[in-house]
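# Architecture at a glance
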Amino acid sequence: MADEIKIGAYICKGCGLGERLADAQLATIATRDAKASIAKEHDFLCSAAGVAMIQNDIDNEGINRVAICACSRRAKTDAFAFENVAITRGNLREGVIWVRPDTDEARETTHEMAADYVRMAVVEAKFQKPPSKNADAQYNKNILIVGGGYSGMTAAIEASIAGYPVTIVEKNAHLGGNTAQFYKRVPNHAPYAEPADTGIADMIKTVENDKNITVHVNSRLTKTDGSPGQFSADISTESGSTNTQQFGSIIQASGFTPYDANQLPELGYGKSANVVTQLELEKLAKEAKGSPIKRPSDGKEVTNVVFVQCAGQRSTKEGHLPYCSGHCCLTSIKQAMYFKENNPAVDTNVIYTDLRTPGAGGEDFYRSGQDKGVLFTKGQVNEVIEDGASLKVKFKDLILNEDIEEETDLVVLATGMVANSGVDIEAVVKIDTNDEKEKSPANEIKINVKDISVLNLTYRQGPDLPHLKYGFNDSHFICFPYETRRTGIYTTGPVRRPMDLQQAQEDATGAALKAIQVVENASQGRAAHPRSGDLSFPSFRKEGCTQCKRCTVECPFGAIDEDEKRYPVFNESRCRRCGTCMGACPVRVISFENYSVETVGQQLKIVDVPDEFSEKPRILVLACENDAYPALDMAGMNRYEYSAFVRIIPVRCLGSVNLIWITDALNSGYDGVILMGCQKGENYQCHFVKGSELAHERMGKIDETLKTLSLETERVETHEIAITDIKRVPEIINNMAATIEKIGMSPFKF
Amino acid sequence: MADLNVAAIEKYRNNFLKEVEANVEEGEWVKMCMQCGVCSGSCPLGSAWDHPPQELFMMIRAGKREEVLTSDSMWMCTSCYNCVVRCPRGLPITHIMHGLASYALRLGLAPKNQPTRKFAVLFWENLVKTGRVNELKLGLNLYFMNGFIEGIKTALGMQKIGLGMWKTKRMSPMEFFGGHGCKDAKGLQAILKKAREIEDAKRQKFNS
């Protein structure tokens, strides 16, 4: 490729652009104002003839930057997919003619709008480089699975079938995890009526006989280093020997620990041997082998059993789990059937507040339980007390509104799942940043004792995956399942969210596919979700770096480490290409080949800003390309009109917005700036998890900047936009236009 | 059967539920209720019930035998079938209500002065005699249900309507003497007797 930058601007006249923008002289503007080498118009640019025209210029005229001024960058991406050149788009259709009325009065401002978008597309092309793939990319198709329980083995078997070698690291002496302790499982096929065999023995056999699967029992990960395609893991056995192996991706299936029932003395746990947890009942049932289950205290056959649902969970009490573990209702129904199977005369009472039976067969299984005579009582259990050889369950019947005392032989507590998610790295950071005085030894002990790292990552941001909520490792339960905030490391099973076997099976299969996908992407130097296939990558000018560590701390995906001199070390395969580092950098040394402080900064500077007395203000919109920009496009498709004074620049994530763009815009005479990003906070919708939140935080300080410029604070707004806010986005823009009319034009126009 | 009335019923055991399953029409459905409360919300007379159907089902499961069988609630059912249509579990709630009422009556536990109960007994006795409902007699029985004086009063009040019905041949005073019946009233009575025998045998089996 020639070093010289040669920009070709191509202006489409299809879709009504020709008629509406006939006198706008866009081609002249492209060459004269924005210095494009050539500018061509075409009646139908995305047709074969139009595309051939551009390809011909690339091949024969040495064009290496292509600025296509036609429809939105979200449209016709297949037609305009030229290789080895940088491509930019000027949005004349959804962004101009579709949002402006076709009237004589509106014509002038509409033409100005189109002219600016042409200038912006050309200048963006000028400051872009065609992205080249990661030179460091490596292909390693070995998949490491941490945890040899039901989820881990399912993922191993699935990945092996797909042709990827798997290594399982299991901390216990045997495979099978919690499932191996079960007597039977909730059925996973019609008619969903009887408890079924767990199938775990067959599964272990399959894993052990699979030549593609290597199993390390009694082992832990003592060090995990690297990035997708080139992870290096130290697998250490209990006896102390360590072997280091290379992997392409990692699946963490470290499962759950049952909630510690000792925290429930009011329910009699620990006081009476006849109060057991669900997992302990499985053990009793397994020992009974189909003969009557006996109560632990004296070996008497159980004739009466009470199941207490939501024991220590779905509760706001301190030390209790606030969430629902999802499987316990079905598990209690299954366990009640253990008793009924042997002797239908055994009284089984399931006391619940809300019975939840998820899954395809859940309701059938519930009905089957009722049909077998399992009693279901909507009630709230307050106390279980030992009364001689038997127990007394004190509860409130919520249907009959009565306090009841029931005598029983055995009480089974449905305690919840606690994720084996390792160290809470965010809690560690909090303590780390606190003053030395506030550093209480109690806090440290709590973390040291409770949390043993699962992965032992060498990452700058901590040894384990960030928790999403309640200690579960995920980045978004609904939108991006399995995706953690560490690229190439996926979680599955109850470590990701509470689930039963049926769900764990589906979950593990999905995670296996994700692990395979990232191996293949990493080998080609491409990004993983959500910018799948993106080849661009951030680099930084070392001589300008002040070692402030903002990028290494703020990267939502822990992609950036630090070297011994505290300079950032970018791990390309871990990067998701959101640009949050670029937005964070106070000295603006971080940039992508095709997305940088310059590509956006130059766009907003080339916009023609008329003088103060023209009554033509300018509003800059920096719109997140994930949700806000599509919403703006759809506003255009619906022909919702908005102000002609707005100029919209898409950004990868609001997190990539560098404050210099705002100050540059205000200094160049823009009258207003609107930032549109995804929803932040607890129920965030940011595609890069933390980007929008960080942007809002950074923008929280913009008022001071405005005051030092003696500008009104109303001139800069930040909004959370969902992709469905199609009617709201034009309103936001028009409201800003009205605000400017009220407070007057910016004094910074030249 | 009398000893059943005083049988010790333990709470939240299956004893009473099993008794209901064996003795009450469609009683085997009671355990299938999932306590959603749609029946109670759908009942047009819901406010008149001490215990709406959902609650009755829970009381049965909780072993509240006495309270259920002496209750006035199931007698309030007008057979509109709203609950049956809406029940997500497909319980024949109307039938269960009548089944419970009928069982309570047989045990002698049904509330004595419950008007629906009185009417039901009058209706049944009237019907089985000839195989046809004698409207004149049923009407008069109803007038005198609550005593002689009130009966005379009601009859006088209804005088005009009665004469009008006679004139338009809607009702004949001759029905007072015997009245018309079905072709084989004896046969019908035999059928009912046999049905009772079968039901009793079934109950006997459970109770023994």
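Residues numbered from 1 in each chain as written. Chains lettered and ligands numbered in written order. Predicted model: local features only at pLDDT ≥ 70, side-chain atom pairs only at ≥ 80, totals over all residues. Heavy atoms only, no water.

### Comments concerning the overall build of chain B
- Counting its secondary structure elements, chain B contains 12 helices and 0 strands.
- Secondary structure elements of chain B, listed N to C terminal, follow the sequence α-α-α-α-α-α-α-α-α-α-α-α.
- Counting across all 208 residues of chain B, residues that qualify as buried make up 36%.
- A separation threshold of at least 6 residues defines the contact pool for chain B, and within that pool the share at least 24 residues apart is 67%.
- Side chains of chain B carry 29 positive and 20 negative charges; the gap between the two charge centres is 6 Å. (Helix = DSSP H or I, 4+ residues; strand = E, 2+ residues; numbered from the N terminus. Buried < 20%, exposed > 50% of the residue type's maximum accessible area, 1.4 Å probe, protein only. Contact = heavy atoms within 4.5 Å. Lys, Arg positive; Asp, Glu negative; His and termini not counted. Charge placed at Lys NZ, Arg CZ, Asp CG, Glu CD.)

### Side note on unusual backbone geometry
- Residue Ala 190 of chain A is joined to Pro 191 of chain A through a cis peptide bond whose omega torsion reads 5 degrees.
- Examined against the element boundaries, Pro 191 of chain A turns out to sit in the loop between strand S6 (166-169) and helix H7 (200-209).
- Cis peptide bonds are those with omega within 30 degrees of zero, and the linkage from His 529 of chain A to Pro 530 of chain A qualifies with 0 degrees.
- Looking at the secondary structure, you find Pro 530 of chain A in the loop between helix H13 (501-523) and strand S24 (539-540).
- Its identity as a non-glycine residue notwithstanding, Asn 401 of chain A has a phi of 55 degrees, on the positive side.
- Mapping Asn 401 of chain A onto the fold places it in the loop between strand S17 (390-397) and strand S18 (402-408).
- For Asn 401 of chain A, a relative accessible area of 55% puts it in the exposed group.
- A positive phi is found at Tyr 81 of chain B, a non-glycine position, where the angle reads about 70 degrees.
- Mapped onto the elements of the fold, Tyr 81 of chain B is located in the loop between helix H5 (65-69) and helix H6 (82-86).

### Observations regarding the pattern of salt bridges
- Within the structure shown, the criterion is met by 55 salt bridges over all chains.
- For Glu 405 of chain A, the salt bridge is made with Lys 394 of chain A, and the minimal N-O distance between the two is 4.0 Å. Taken as a pair, Glu 405 of chain A in strand S18 and Lys 394 of chain A in strand S17 lie far apart in primary sequence, 11 residues in all.
- The exposure class assigned to Glu 405 of chain A is partly exposed, which follows from its relative accessible area of 41%.
- Two residues, Lys 31 of chain B and Glu 21 of chain B, come together in a salt bridge whose shortest N-O distance is 3.4 Å. Linking Lys 31 of chain B in the loop between helix H2 (15-23) and helix H3 (38-42) with Glu 21 of chain B in helix H2, this pair joins segments that are 10 residues apart in sequence.
- On the basis of relative accessibility, which here comes to 25%, the residue Glu 21 of chain B falls in the partly exposed class. (Salt bridge = Lys/Arg side-chain N within 4 Å of Asp/Glu carboxyl O.)

### Here we look at the interface of chain A and chain B
- Taken residue by residue, the interface counts 23 residues in chain A and 17 residues in chain B.
- If you sort the residues of chain A by the area they bury against chain B, Gln 370, Leu 375 and Ile 399 of chain A come out on top, with a joint share of 31%.
- Between the two partners, chain A and chain B, sit 2 salt bridges.
- Across the salt bridge formed by Glu 363 of chain A and Arg 89 of chain B, the nearest N and O atoms sit 2.8 Å from each other.
- Our count for the contact surface shared by chain A and chain B stands at 7 residue pairs in polar contact (both at pLDDT 80 or more). (Buried area = accessible area lost by both parts, 1.4 Å probe. Polar contact = N/O pair within 3.5 Å; in protein donor to acceptor, adjacent residues only side chain to side chain.)

### Regarding the layout of surface pockets
Residue and element names in this part refer to chain A.
- The calculated volume of the second largest pocket comes to roughly 1,200 Å³.
- In terms of lining, the second largest pocket is formed by 38 residues, of which the most central are Ile 87, Pro 131, Arg 531, Asp 534 and Asn 594.
- Those elements that place two or more of their residues in the lining of the second largest pocket are strand S4 (86-91), helix H16 (597-606) and strand S29 (646-651).
- Of the residues forming the lining of the second largest pocket, the biggest block, 4 residues, is contributed by S4.
- Split into classes, the residues belonging to the lining of the second largest pocket amount to 17 nonpolar, 12 polar and 9 charged.
- For the lining of the second largest pocket, the two domains that each supply at least three residues are domain 1 (1-130) and domain 4 (595-750). (1 Å grid on protein atoms, 1.4 Å probe; cavity = no way out; pocket = protein on both sides within 12 Å on 5 of 7 lines; lining within 4 Å. Points joined across faces, edges and corners; volume = space filled by probe spheres on them. Nonpolar A, V, L, I, M, F, W, Y, C, P; charged D, E, K, R; others polar. Domains from an automatic or database assignment.)

### Overview of the domain arrangement of chain A
- For chain A, the domain assignment lists domain 1 (1-130), domain 2 (143-255 + 448-523), domain 3 (259-416) and domain 4 (595-750).
- On a C-alpha basis, the centres of domain 1 of chain A and domain 3 of chain A stand 69 Å from each other.

### Things to note about empty space enclosed by the protein
All names here are of chain B.
- For the structure shown, the criterion picks out 10 cavities of 30 Å³ or more.
- Roughly 120 Å³ of internal volume is contained in the largest cavity.
- Lining the largest cavity are 17 residues; nearest its centre among them are Cys 43, Trp 49, Cys 77, Cys 80 and Cys 83.
- Looking at the lining of the largest cavity, the elements with two or more residues in it are H6 and helix H7 (93-107).
- If one sorts the elements of the lining of the largest cavity by residue count, H7 sits on top with 3 residues.
- Split into classes, the residues belonging to the lining of the largest cavity amount to 13 nonpolar, 4 polar and no charged.

### What about the domain arrangement of chain B?
Residue and element names in this part refer to chain B.
- Under the domain assignment, chain B is made up of domain 1 (2-111) and domain 2 (115-196).
- One C-alpha centre belongs to domain 1, the other to domain 2; they are set 30 Å apart.
- Counting from both sides, the interface comprises 5 residues of domain 1 and, opposite them, 4 residues of domain 2.
- In total, about 420 Å² of surface goes out of reach between domain 1 and domain 2, with carbon and sulfur atoms giving 61% of it.

### Structural notes on the sheet that holds S4 of chain A
Residue and element names in this part refer to chain A.
- Across the sheet, which stays open at both edges, the 4 strands sit in the order S2-S1-S3-S4 with parallel pairing between neighbours. Of all strands in the sheet, those with a lone pairing partner are strand S2 (38-42) and S4, marking the two edges. Adjacent strand axes in the sheet meet at a mean angle of 20 degrees, parallel and antiparallel pairs treated alike. (Pairing = 2+ DSSP bridges. Axes fitted to C-alpha atoms, helices over the stretch in contact; angles between N-to-C directions.)

### Notes on the sheet that holds S6 of chain A
Residues and elements named next belong to chain A.
- One open sheet accounts for 5 strands, arranged S7-S6-S5-S11-S23; its pairing is parallel. Edge positions in the open sheet fall to strand S7 (213-216) and strand S23 (489-491), since each of these has one partner strand only. Averaged over all adjacent pairs, the angle separating strand axes in this sheet is 20 degrees, with direction ignored.
- As paired elements, strand S11 (residues 249-252) and S23 share 3 bridges and run parallel to each other. Paired with Gln 252 across the two strands is Thr 491, which belongs to S23.
- Contacting strand S5 (143-146), S6, S7 and S11, helix H6 (residues 150-161) runs over the sheet at an angle of about 170 degrees to S6.

### Describing the packing of aromatic side chains
- Per the stated rule, a full pass over the model turns up 12 aromatic pairs over all chains.
- Aromatic side chains Phe 307 of chain A and Phe 339 of chain A sit 6.4 Å apart centroid to centroid with 70 degrees between the ring planes, which places their arrangement in the edge-to-face category. With Phe 307 of chain A in strand S14 (residues 304-308) and Phe 339 of chain A in helix H9 (residues 328-342), this pair connects stretches of sequence that are 32 residues apart. The residues Phe 307 of chain A and Phe 339 of chain A share a single accessibility class, namely buried.
- With a centroid separation of 5.5 Å and 90 degrees between ring planes, the pair formed by Phe 176 of chain B and Phe 177 of chain B is classed as edge-to-face.
- Of the residues examined, Phe 176 of chain B reaches a relative accessible area of 43% and is grouped as partly exposed.
- Residue Phe 177 of chain B is classed as exposed on the basis of its relative accessible area, which comes to 63%.
- Put simply, the rings of Tyr 323, Tyr 470 and Phe 472 of chain A touch in pairs and so form one group of aromatic residues.
- Looking at Arg 639 of chain A, its charged tip hangs above the ring of Trp 98 of chain A, at a distance of 4.1 Å from the centre. (Phe/Tyr/Trp six-rings, centres within 6.5 Å; stacked < 30°, edge-to-face > 60°. Lys NZ or Arg CZ within 6 Å of the ring centre and 35° of its normal.)

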